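Coordinates in review
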Amino acid sequence: MQFEPVAIAGVGATVPVRRSPKSLRALVVEAIEAALADAGLDASDVDGVVSDGLCMPTTVPRDWVAAQFGFQRSYDGGMSFGGAASASAPIHAELAISGGLAKTIVYYFGVDWGTRASGPYGFHDLYAGKLAFEKPYGFSGQPQYFALWARRYMHEYGLTERDLATIAVTQRESALRNPLSQATRPMSYDDYFAARVVSDPLRVPDCCLITDGACAFVMTSLERARDLARPPVRVLGTGFGSEPISGDDAFTQPAGMMRIPGAKIAADKALRQAGIALNDVDFAEIYDCFTISCLLQLEDIGFCKRGEGAAFIREMGIGIEGRLPVNTHGGLLSHSYLLGVEHVVEAVRQLRGEAGPAQVKGAEIGLVGGLSNPDYGVMILGRDHR
Amino acid sequence: MSDAATNEMLPEFMGFVDNARQGRLAFPYCRICGKFHWYPMPRCPHCRGNEIEWRQVSGRGQLFSFTRVMHAFDKSRADALPYVVALIEFADAPGVRLVTNIVGGRHDALRIGQPVAPVFLLDGKGRPVVEFRAV
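About the thresholds
- Residues numbered from 1 in each chain as written.
- Chains lettered and ligands numbered in written order.
- Predicted model: local features only at pLDDT ≥ 70, side-chain atom pairs only at ≥ 80, totals over all residues.
- Heavy atoms only, no water.
- Helix = DSSP H or I, 4+ residues; strand = E, 2+ residues; numbered from the N terminus.
- Buried < 20%, exposed > 50% of the residue type's maximum accessible area, 1.4 Å probe, protein only.
- Contact = heavy atoms within 4.5 Å.
- Phe/Tyr/Trp six-rings, centres within 6.5 Å; stacked < 30°, edge-to-face > 60°.
- Lys NZ or Arg CZ within 6 Å of the ring centre and 35° of its normal.
- Axes fitted to C-alpha atoms, helices over the stretch in contact; angles between N-to-C directions.
- Parallel < 35°, antiparallel > 145°, perpendicular 65-115°, else oblique.
- Left-handed = near helix turned anticlockwise from the far one by under 90°.
- Nonpolar A, V, L, I, M, F, W, Y, C, P; charged D, E, K, R; others polar.
- Pairing = 2+ DSSP bridges.
- Buried area = accessible area lost by both parts, 1.4 Å probe.
- Salt bridge = Lys/Arg side-chain N within 4 Å of Asp/Glu carboxyl O.
- Polar contact = N/O pair within 3.5 Å; in protein donor to acceptor, adjacent residues only side chain to side chain.

**A closer look at the environment of Ala134(B)**
Residue and element names in this part refer to chain B. Among the structural elements, Ala-134 can be located in strand β7 (residues 128–134). A residue is classified by how much of its surface remains accessible, and Ala-134, at 36% relative accessible area, is partly exposed. Residues in contact with Ala-134, not counting those within four places in the same chain, are Gln-114, Pro-115 and Val-116.

Structure representation (structure tokens):
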């Protein structure tokens, strides 16, 4: 099927903070208002609403959002959860717009894990297998999962703690160029090694921040977007991939541990659709929930081979002036942790040339990768050249 | 977001608990395709068969990976820090990786590949737990 070309016409984000006095619903409303204003659209223009399929339905449901704004929905959708959902959201726009179901679609996502009592760990209780066989052993937080992966990966491929530090330190440098980043202090290698160990080998700076906040973006046809307030950012390709393994098992049982097979599936599909190769990508916003997971995704997407992630990062350079800038706003590690929806906003700003001191020179094409293990989403965005 | 879908053991989980209470380690094994799986499922994830039995294993395993936990993700464990969470593989139950704690011995002596053996205990609520020690 030939899709109608789709663009992101507007983006909106709340200022990310550890704890917000506002409710998550108020934050989502603020983000959507900002995205509509950015696009120069009115609520009456919106006829489709999309979110992830797990977090938002229980916290800020789409019907509630539609009621707040008066959106007359002829399309309503949610798929996957968290990061994979945000990075693959244009799939909805391509299908709904090409199929004549909607013309203008708002996507939103937000969390209040800074304020919410269960924080980022509450969702593990959704999994029966984890409750029965992991929680009784004190295994109930994402840093522990990725610590097991990191130690095993170190054993198999010779990764060092300094390799992980390079990711954290470089992204911190990028974060300091963004006025909204939650992390505001410089971090040296010495600072990294002096930081508290959370679950070894992972330290505090290997782990993402905790944030209250929300982001939204508006998707419409490229043709229509060209008549709106901002320069459109084209969706060149989108992909979703996974493996048939449940969230119960994804961190401990896959035969090929420490791999995210969905990343390659999603990236290959998005690249095929975009008609480009990975070396055409000027920058990447990768789901860096942890330093180690950022490295693994660079491998799994296909930027480098298995086991070569650390060397690739060293040789390419992932800072703003590097050969492959990664997480140009500081990422989940140093900008904010809204499960990667902020990566989409950052990619759009880069491609509109609005990133200020963090601007990647000559940025034409950006890749966003979103992980919700085992699900993975990839969107490839590009500047519009009429 | 929150939170608990269920706080109960599913019926297909009980084989582990019942065996552990007797001091035995057992995992679900498919009689049709001859493979183990973990966690327990109502159907074999390899062949979709439903002839699943609990097959006892020796308990001898080795460390696939481990982490010393130094942060109280679970507030009730704040006094127990640091503790070791490990992922164990078993030569006689390929395809199973068990999450557990390593007890006894020095934490800094642990290494991947370390042979381990089970220790059967009851928790504060009388539920069986299976921890491991280095051997």
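**Regarding the packing of aromatic side chains**
Summed over all chains, the structure comprises 24 aromatic pairs over all chains. Aromatic pair Tyr121(A) and Phe73(B): ring centres 5.3 Å apart, planes at 80 degrees, arrangement edge-to-face. Of this pair, Tyr121(A) sits in the loop between β4 (104–112) and α6 (128–133) while Phe73(B) sits in the loop between β3 (61–69) and β4 (83–89), placing the two residues on different chains. Classification of Tyr121(A) as partly exposed rests on a relative accessible area of 23%. The exposure class of Phe73(B) is buried, given its relative accessible area of 9%. With a centroid separation of 5.0 Å and an interplanar angle of 65 degrees, the aromatic rings of Tyr29(B) and Phe36(B) are classed as edge-to-face. One aromatic cluster in this structure is built from Phe133(A), Phe13(B), Phe16(B), Phe27(B), Trp38(B), Tyr39(B), Phe90(B) and Phe132(B). The lysine or arginine in question, Arg152(A), covers the ring of Phe64(B), its NZ or CZ lying 4.0 Å from the ring centre. Here the guanidinium or amino end of Arg55(B) rests over the ring plane of Tyr29(B), the centre of that ring lying 3.7 Å away.

**Brief notes about the packing of helix α1 (residues 24–39) of chain A against helix α3 (residues 62–69) of chain A**
All names here are of chain A. Direction vectors running N to C along α1 and α3 enclose 60 degrees, while the axes themselves pass 11 Å from each other. As far as their axial angle goes, α3 and α1 are oblique. Here α1 and α3 pass one another in a crossing that is right-handed. Counted together, Arg-25, Val-28, Val-29, Ile-32, Glu-33 and Leu-36 of α1 and Trp-64, Val-65, Gln-68 and Phe-69 of α3 form the full contact between these two elements. Residue composition of the contact of α1 with α3, grouped by class: seven nonpolar, one polar and two charged.

**With respect to unusual backbone geometry**
In this structure, the amide linkage connecting Asn373(A) to the following residue, Pro374(A), adopts the cis form with an omega of 10 degrees. Structurally, the position occupied by Pro374(A) is in the loop between β10 (365–372) and β11 (375–383). Of note, Arg48(B) is a non-glycine position whose phi angle comes to about 70 degrees, a positive value. Summarising the element assignment, Arg48(B) is placed in the loop between β1 (25–30) and β2 (52–57).

**Quick notes on the pairing of strand β5 (residues 97–102) of chain B**
Walk down a regular strand and you will see the side chains alternate between the two sheet faces. Residues and elements named next belong to chain B. Burial analysis of β5 places six of its six residues in the buried class, the great majority of the element. In this sheet, β5 lies alongside β4 in antiparallel orientation, the contact comprising six bridges. Looking at β5, one finds that Ala-86 is bridged to Thr-100.

**Comments concerning the interface of chain B and chain A**
Note on interface size: it is often stated as the accessible area lost on association of the parts. Facing 39 residues of chain B, the contacting portion of chain A comprises 44 residues. When the two sides are added together, the surface that chain B and chain A hide from each other amounts to roughly 3,700 Å², 60% of it contributed by carbon and sulfur. For the pair chain B and chain A, the number of links is one salt bridge. Among the salt bridges present, the one from Arg68(B) reaches Asp200(A), with a minimum N-O distance of 2.5 Å. Taken together, the links from chain B to chain A amount to 18 residue pairs in polar contact (both at pLDDT 80 or more). Those elements that place two or more of their residues in the side of chain B that touches chain A are β3, β4, β5 and β7 of chain B. With seven residues, the top contributor of residues to the side of chain B that touches chain A is β3(B). Looking at side-chain class alone, the side of chain B that touches chain A contains 25 nonpolar, nine polar and five charged residues.

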